[in-house]
Amino acid sequence: MATDTVKTGGAQRSGGVWPVLRRFLLENGALTALALLVVVMSLLSGDFLTAQNLLNVGVQAAVIAVLAFGVTFVIIAGGIDLSVGSVAALSATVLAFLATVEGVPVWLALPLAAATGTACGLVNGALIAYGKLPPFIATLAMLSVGRGLSLVISEGSPIALPDSVAQLGGSLGGWLPVPVVIMVVMGLITAVILRRTLTGRAMYAIGGNEEAARLSGIRVKRQKLGIYALSGLFAAVAGVILASRLASAQPQAAQGYELDAIAAVVIGGASLAGGVGTAFGTLIGALILAVLRNGLNLLSVSAFWQQVVIGVVIALAVLFDTLRRRSGGAGGGAGAGAGAGTGSGSGGNGRRRGIQLAVAAAATAAVVGVLSFLVPTPSSDGPRVGMSLSTLNNPFFLQMRDGAQAEADEAGVDLVVTDAQDDASQQADQIQNFISTGVDAMVINPVDSDAAGPPVRGANNADIPVIAADRGVTEADIETLVASDNVEGGRLAARALAEELGGEGRIVVLQGTPGTSASRERGSGFAEGIAEYPGIEVVAQQPADFDRSKGLDVMTNMLQGNGDVDGVFAENDEMALGAAAALSSRGEEAVVIGFDGTPEGLEAVTGGTLYASVAQQPAEIGRVAVRNAIAAANGEDLEESVMVPVEVVTEENVEDFS
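Description of the structure in this document. (Residues numbered from 1 in each chain as written. Predicted model: local features only at pLDDT ≥ 70, side-chain atom pairs only at ≥ 80, totals over all residues. Heavy atoms only, no water.)

**A look at the overall build of the protein chain**
- Broken down by element type, the protein chain carries 26 helices and 16 strands.
- A total of 658 residues make up the protein chain; the buried ones form 53% of that total.
- Within the protein chain, counting contacts between residues at least 6 apart in sequence, those at least 24 apart form 76% of the total.
- Entry remark: accessible area of the protein chain is about 27,100 Å², with carbon and sulfur atoms responsible for 57%. (Helix = DSSP H or I, 4+ residues; strand = E, 2+ residues; numbered from the N terminus. Buried < 20%, exposed > 50% of the residue type's maximum accessible area, 1.4 Å probe, protein only. Contact = heavy atoms within 4.5 Å. Areas by Shrake-Rupley, 256 points an atom, 1.4 Å probe, with all protein chains shown as cover.)

**What to know about the packing of helix H5 (residues 84–101) against helix H6 (residues 106–129)**
- Packing of H5 against H6 brings their axes to within 8 Å, and their N-to-C directions diverge by 155°. Judged by the inter-axis angle, H5 sits roughly antiparallel to H6. Here the hand of the crossing between H5 and H6 comes out right-handed. Contacts between H5 and H6 involve Val-87, Leu-90, Ser-91, Val-94, Leu-95, Leu-98 and Ala-99 on the former and, on the latter, Val-106, Ala-109, Leu-110, Leu-112, Ala-113, Thr-116, Gly-117 and Cys-120.
- Residues that form the contact of H5 with H6 fall into these classes: 12 nonpolar, three polar and no charged. (Axes fitted to C-alpha atoms, helices over the stretch in contact; angles between N-to-C directions. Parallel < 35°, antiparallel > 145°, perpendicular 65-115°, else oblique. Left-handed = near helix turned anticlockwise from the far one by under 90°. Nonpolar A, V, L, I, M, F, W, Y, C, P; charged D, E, K, R; others polar.)

**Thoughts on a nonpolar patch on the surface**
- Taken together, Val-123, Leu-127, Leu-133, Phe-136, Ile-137 and Leu-140 make up a surface patch of nonpolar side chains, about 470 Å² in accessible area.
- If you list the elements that add at least two residues to the nonpolar patch, you get H6 and helix H7 (135–154).
- With three residues, H7 is the largest single contributor of residues to the nonpolar patch.
- Considering the arrangement of structural elements, one finds Ile-137 in helix H7. (Patch = residues over 30% accessible without salt bridge, like charges linked within 9 Å, V, L, I, M, F, W, Y side chains within 5 Å. Salt bridge = Lys/Arg side-chain N within 4 Å of Asp/Glu carboxyl O.)

**A few points about the pattern of salt bridges**
- Per the stated rule, a full pass over the model turns up 19 salt bridges.
- Linking Arg-214 and Glu-211 is a salt bridge whose minimum nitrogen-to-oxygen distance equals 2.8 Å. Here Arg-214 and its partner Glu-211 are both found in helix H11 (residues 210–215), three residues apart, which amounts to about one turn of the helix.
- You can call Glu-211 partly exposed: its relative accessible area is 42%.
- Because the salt bridges share partners, they merge into one network encompassing Glu-210, Glu-211, Arg-214 and Lys-224.

**Things to note about the packing of aromatic side chains**
- Scanning all chains against the criterion turns up three aromatic pairs.
- Relative to Phe-397, the ring of Phe-396 has its centre 5.0 Å away and its plane inclined at 85°; by these criteria the two rings are edge-to-face.
- Looking at Phe-397, the relative accessible area reads 6%, which means it is buried. (Phe/Tyr/Trp six-rings, centres within 6.5 Å; stacked < 30°, edge-to-face > 60°.)

**Observations regarding the packing of helix H20 (residues 486–500) against helix H21 (residues 517–530)**
- At a minimum axis distance of 7 Å, the contact between H20 and H21 shows a crossing angle of 40°. Taken together, the axes of H20 and H21 lie oblique to each other. In the crossing of H20 with H21, the sense of the turn from one axis to the other is right-handed. On H21, the residues touching Asn-486, Val-487, Gly-490, Arg-491, Ala-493, Ala-494, Leu-497 and Ala-498 of H20 are Ala-518, Glu-521, Arg-522, Ser-524, Gly-525, Phe-526, Glu-528, Gly-529 and Ile-530.
- Classifying every residue of the contact of H20 with H21 by side-chain character gives eight nonpolar, five polar and four charged.

**Notes on the side chain of Ser-91**
- Here Ser-91 is to be found in helix H5.
- With relative accessibility at 0%, the residue Ser-91 sits in the buried group.
- Among the polar contacts made by the side chain of Ser-91, one reaches the main-chain carbonyl oxygen of Val-87 at a distance of 2.9 Å.
- When sequence neighbours within four positions are dropped, the list of residues in contact with Ser-91 reads Ala-113, Thr-116, Gly-117 and Ala-236. (Polar contact = N/O pair within 3.5 Å; in protein donor to acceptor, adjacent residues only side chain to side chain.)

**Here's the deal with the nonpolar core**
- Of all hydrophobic cores here, the largest spans 93 residues; its most connected members are Leu-67, Phe-73, Met-203 and Ile-288.
- It is helix H4 (residues 51–76) that provides the largest number of residues to this core, a total of 16 residues.
- Looking at which domains feed residues into this core, each of domain 1 (61–278) and domain 2 (384–478 + 619–643) supplies at least three.
- Setting aside residues up to four positions removed in sequence, Leu-67 forms contacts with Val-84, Ala-88, Ala-235, Ala-238, Tyr-257 and Ala-261. (Core = buried A, V, L, I, M, F, W, Y, C linked by side-chain atoms within 4.5 Å. Domains from an automatic or database assignment.)

**Comments concerning the sheet that holds strand E12 (residues 567–570)**
- Spatial ordering of the open sheet is given by E11-E10-E12-E13-E14-E16, a layout of six strands whose pairing is mixed. Every interior strand has two partners, whereas the edge strands, strand E11 (536–543) and strand E16 (647–649), have only one. Across the sheet, the mean angle from the axis of one strand to that of its neighbour is 20°, orientation sign disregarded.
- As judged from the four bridges shared by strand E13 (residues 591–596) and strand E14 (residues 612–615), these two strands associate in the parallel manner. Among the inter-strand pairings, Gly-594 is bridged to a residue of E14, identified as Ser-613. (Pairing = 2+ DSSP bridges.)

**Examining the side chain of Arg-522**
- Mapping Arg-522 onto the fold places it in helix H21.
- Among the residues examined, Arg-522 registers a relative accessible area of 4% and is labelled buried.
- If sequence neighbours within four positions are ignored, Arg-522 has contacts with Asn-486, Gly-490, Phe-546, Phe-569, Glu-571, Asn-572, Phe-595, Asp-596 and Gln-616.

**Notes on helix H17 (residues 395–411)**
- Taking 1.5 Å per residue as the helical rise, H17 with its 17 residues ought to reach 24 Å, and the 24 Å between its terminal C-alpha atoms agrees with that figure.
- Listed in full, the buried residues belonging to H17 are Phe-396, Phe-397, Gln-399, Met-400, Gly-403, Ala-404, Glu-407 and Ala-408.
- In this structure, the buried side of H17 is in contact with strand E5 (384–389), strand E6 (414–419), strand E8 (466–469), E13, helix H24 (599–607) and helix H25 (618–633).
- At the N-terminal boundary of H17, the capping side chain belongs to Asn-394, with an oxygen 2.8 Å from the backbone nitrogen of Phe-396. (Expected span 1.5 Å × (residues − 1).)

**Comments concerning helix H18 (residues 424–437)**
- Under the 1.5 Å per step criterion, the end-to-end length of H18 is 20 Å for 14 residues, consistent within 8% with the ideal 20 Å.
- Among the 14 residues in H18, 12 count as buried, and that is most of the element.
- N-capping of H18 is provided by Asp-423, with a side-chain oxygen placed 2.9 Å from the backbone N of Ser-425.
- Just downstream of H18, Gly-438 is the residue with a positive phi angle, here 70°.

**Describing the environment of Gly-386**
- Within the fold, Gly-386 resides in strand E5.
- Look at Gly-386 and you get buried, because its relative accessible area is 0%.
- It is 9.6 Å that separates the C-alpha atoms of Gly-386 and Asn-433, two residues lying 47 residues apart in sequence.
- Apart from residues lying up to four places away in sequence, Gly-386 is in contact with Val-416, Phe-434, Val-439, Ala-441, Met-442 and Val-443.

Dropping the structure here:
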């Protein structure tokens, strides 16, 4: 029997490389998924597997990876932290405010920013450990508090970073990005804490069985304080990295990043039930997300389909890792039985592993097939123009895209459109990806003018001409700005509203997303214009984020708190339509003016739901921007700016715009 066992072991050892490779792949599910993704993207895009693009992937993974390292501590201990995105934004805002506005030396502002993140984590830990709040509720509250404080400190506007801090978003030796170095260092610190410290061992014990950990002498409450403090500290570091890439602290930065961080941890093999997780696995999870986004951008996959593909691949990665873990557990038992005198267990385990590899291969083939179907065929051999829009979740920018596409089709140009989803960091990634693929020109509709500066300077260094659309770019070279005058549009709206009210009345203002240039410019123009009418009283103004449903809710609350109003100015048509719905539901009437001149807004003007809308002609902005991008790609000189006229559209002239 002993001889047979030895022979069996020898046969297994001499079975070649494949059994060893198969076992390695199955025991490292996230790494396997990453390798498969890299292969797929390399096959579909010749621009993916280049040194410059791989560095881009590292930079684009850095912020999520550092956030995820902090979340790893929490999840291993059986908790959750939904506040890390807001804490990152708050810490960066504190740094910029202290260093730029208050003149605090950078060497002192940086530790104070780190202390801010740590303090937020301590509050989370105290609420959970001593206040007995569920982690979900405690950190959800901190998510709101952190974001609110960030907006309060910054007054809703980005704050520039000192040059010494902004250099953290640069590179060492002209090629090694500093964010990648910081990511690696933070990963090593995470690994050391988890594997070499009592705190790390306590995390696994608490996550595995909190009561047993308490009975074994671990001070669970104190450990939870430290665990959430670490998560807050790592969030602060991530916030500084993000702000340094954008050369400014954005109060609305890192929205939704907490979900990406949690996804990275889970993809990396951690269990939401606690007790399982590694720093290396989390890093791989963050790289998977970065590779997906980078590759899909390079492939010019529709921004809408990108969300679907990312969700499917994440699910497949986690499913594969789950199957691997179940097989590992069963395999352990089977292996023990085989050692006692039978090989059937290991054979069954081998068959299960073979089936899992086949399933993984089939899933990979399916992903390749779907991506091949989604990747658009270049429309021509002419110039290739990249266009990054701030969002496609708004009719105004959809019209801009449609106008740009129509112009590109007429000119025989291949236009690649991406959606930044109102995230300045994501837009920076998209601009980097355009540079990697070597587009002939870019059209950038900035999420924020200041934050767009650093990535556009990268395009300047690559000699790629950049056209700014609707909003300008700060501290970077652009060929021309194609826009309507938002400030003048605000003044026109104020004049139209005041004249319709006869120079007297009570009005409210629905503001756009705090911190965006469009909201600032339209709001300042309206404030200047309405100041000329002392009989007009602005009784309330609140942000509704350019969103119709939020406009409905905010307007309802304004009416409840301020009583009847005579007029409403909304900084876009979507919010104006929400305000009109709120008025209608209460049976009240008021003069409502929107901004943008969207098709639905103009229909509402025709029907009398809105009194007026300031029309910007977004489709024409898109057309003119692409026209100028083609001219710039051909080396033609352009005017410094091209202004597309704005006009107040009322029932009297709406037919001219419809």
